Amino acid sequence: MSEQKKYVGELIAECVAVFIIILFGDSVAAMYSLYDPSPYKTAYWGVCIVWGLGVTVAIYATGAVSGTHANPAVTVALATYRGFPWRKVAPYIVAQVIGGFIGAAVVYALFAPVIEHFAAAQHLDFMHDGAAAGVFFTHPGDYVTPMHSFFVQIVLTGILVFGIFAITCEFNTMAPQANAGALIIGLLVAIIGASAGYLDAWAINPARDFGPRLFCYLAGWGPSAIPSPGNYWWVPIAGPLIGGLVGAGLYQSLLKPFMPRPVA
């Protein structure tokens with residue numbers, strides 16, 4: 001296979017990976033938000049598990065092609081600390097955002113009648129009230145300001161990338177063997193959501209938030225999506241990018257130097 005063809009395949013895989021994550025994740029968000037009674041209102045852990053298993057499925061589907069970054073924060077951290085080529089960073093991120101955009105479009109096509117009914121029943125407007133916006137992109141929870149959410153995103157994404165670096169470290173003898181790492185990474189995503197998701201819907205991934213947000217901006221949500229109330233749109237982009245670097249840097253400096261090396 002030529003290098004050019006391989007590279008194209010990597011970009012397609014990154015797009016497909018985020019598409020899979022959004023297809024399952026935004027769909028379960030719709031099930032949680034739009035129905036009364038909701039099948040998940042008293043079982044929030046189920047929402048977290050679906051998001052996590054969506055990540056697991058994405059890794060199993062695309063990992064052999066691109067390594068399944070599926071997250072700009074992961075891509076930037078890998079380029080900074082693990083030798084991923086910087087020339088591929090921007091194209092990978094664009095592919096990831098496109099995957100999020102397409103995933104949101106498909107979820108909207110699936111749930112459009114329910115979304116319209118929800119908005120009408122709640123007397124909400126898409127552009128001004130952001131009706132059903134939480135299905136597609138994140139926003140601060142109760143009592144959380146955008147700047148506090150920025151801090152939250154740094155911490156939560158730091159935990160995510162710290163965990164990914166630990167799980168995939170070649171010298172970590174306690175890491176999952178064979179292909180079990182995909183399941184553990186999915187569970188890590190679920191754990192983060194279950195422990196802190198109500199703070200701001202745990203974006204921890206710029207493509208997961210901005211791709212659907214861009215779709216919604218074009219599909220009628222307008223300023224409710226971008227710039228969004230409190231000019232929030234940049235928080236789930238900048239926070240995870242910084243947090244990913246922090247988490248990766250902590251793993252590389254605190255634990256990796258002490259990992260056992262094979263005896264020559």
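Residues numbered from 1 in each chain as written. Predicted model: local features only at pLDDT ≥ 70, side-chain atom pairs only at ≥ 80, totals over all residues. Heavy atoms only, no water.

Stated formally: UniProt positions are given in the numbering used here, feature names are shortened, and annotations may be inferred rather than shown by experiment.
With an unreviewed UniProt entry as reference, the protein chain is termed Aquaporin family protein, source organism Acetobacter sacchari. Regarding the protein chain, the relevant UniProt record gives this comment under Sequence similarities (unreviewed entry): "Belongs to the MIP/aquaporin (TC 1.A.8) family." Check the Subcellular location (unreviewed entry) section of the UniProt entry for the protein chain; it says "Membrane".

1. Remarks on the overall build of the protein chain
What counts, and what does not: Helical segments are the DSSP runs of H or I of at least four residues, strand segments are the runs of E of at least two, and each set is numbered from the N terminus. Here the globule rule reads 2.2 Å times residues to the power 0.38, and the radius of gyration is calculated from C-alpha atoms. With a 1.4 Å probe rolled over the protein chains alone, any residue whose accessible area is under 20% of its type maximum counts as buried; one over 50% counts as exposed, and the rest are partly exposed.
Looking only at helices and strands, one finds nine helices and zero strands in the protein chain. Secondary structure elements of the protein chain occur, N-terminal to C-terminal, as α-α-α-α-α-α-α-α-α. Computed over C-alpha atoms, the radius of gyration of the protein chain comes to 18 Å, within 12% of the 18 Å expected from 2.2 N^0.38 for 264 residues, which places it in the range of a compact globule. When the backbone C-alpha atoms are referred to their principal axes, the protein chain occupies close to 70 × 40 × 30 Å. Counting only residues that meet the buried cut, the protein chain has 50% of its 264 residues in that class.

2. A look at the nonpolar core
Side chains of a nonpolar character, in soluble globular proteins, are inclined to be buried together. Put simply, the rule is: Buried Ala, Val, Leu, Ile, Met, Phe, Trp, Tyr and Cys residues that are joined via side-chain atoms within 4.5 Å together make up what is termed a nonpolar core. Residues count as neighbours in contact if any of their non-hydrogen atoms are within 4.5 Å of one another.
One finds I115, F136, W202 and W221 to be the most contacted residues of the largest nonpolar core, which totals 67 residues. At the level of secondary structure, the elements contributing two or more residues to this core comprise helix 1 (3–34), helix 2 (44–66), helix 3 (72–81), helix 4 (89–121), helix 6 (146–167), helix 7 (181–200), helix 8 (206–221) and helix 9 (235–254). If near-sequence neighbours (up to four positions away) are discounted, W221 is found in contact with Y108, I115, F126, M127, G130, A131, A132, A133, F136 and C216.

3. Observations concerning unusual backbone geometry
Note on backbone geometry: most residues besides glycine have negative phi, and most peptide bonds are trans. In this chain, D36 is followed by P37 through a cis amide linkage whose omega measures 5°. With respect to the helices and strands, the residue P37 is situated in the loop between helix 1 and helix 2. Following I226, the chain continues to P227 via a peptide bond in cis, the omega torsion being 10°. Within the secondary structure, P227 is located in the loop between helix 8 and helix 9.

4. Quick look at the environment of I59
Considering the arrangement of structural elements, one finds I59 in helix 2. Distance from I59 to Y217, taken between C-alpha atoms, is 28 Å for residues 158 residues apart in sequence. Apart from the residues within four sequence positions on either side, I59 is in contact with T68, A182 and I185.

5. Things to note about the UniProt feature "transmembrane region" (unreviewed entry) in the protein chain
Here the UniProt-annotated "transmembrane region" (unreviewed entry) positions come out as residues 12–32, 44–68, 89–111, 150–168, 180–199 and 232–251. Across residues 89–111, the secondary structure splits into 100% helix and 0% strand, with the terminal C-alpha atoms separated by 33 Å.

6. Brief notes about the pattern of salt bridges
Heads up, the condition is: One speaks of a salt bridge when a side-chain nitrogen belonging to Lys or Arg is within 4 Å of a carboxyl oxygen belonging to Asp or Glu.
Summed over the entire model, instances satisfying the criterion amount to three salt bridges. For E10, the salt bridge is made with K88, and the minimal N-O distance between the two is 3.1 Å. With a gap of 78 residues between them, E10 in helix 1 and K88 in the loop between helix 3 and helix 4 connect regions that are remote in the sequence. Comparing E10 with K88, the two get one shared label, buried. Sharing partners across several salt bridges, the network here consists of K6, E10 and K88.

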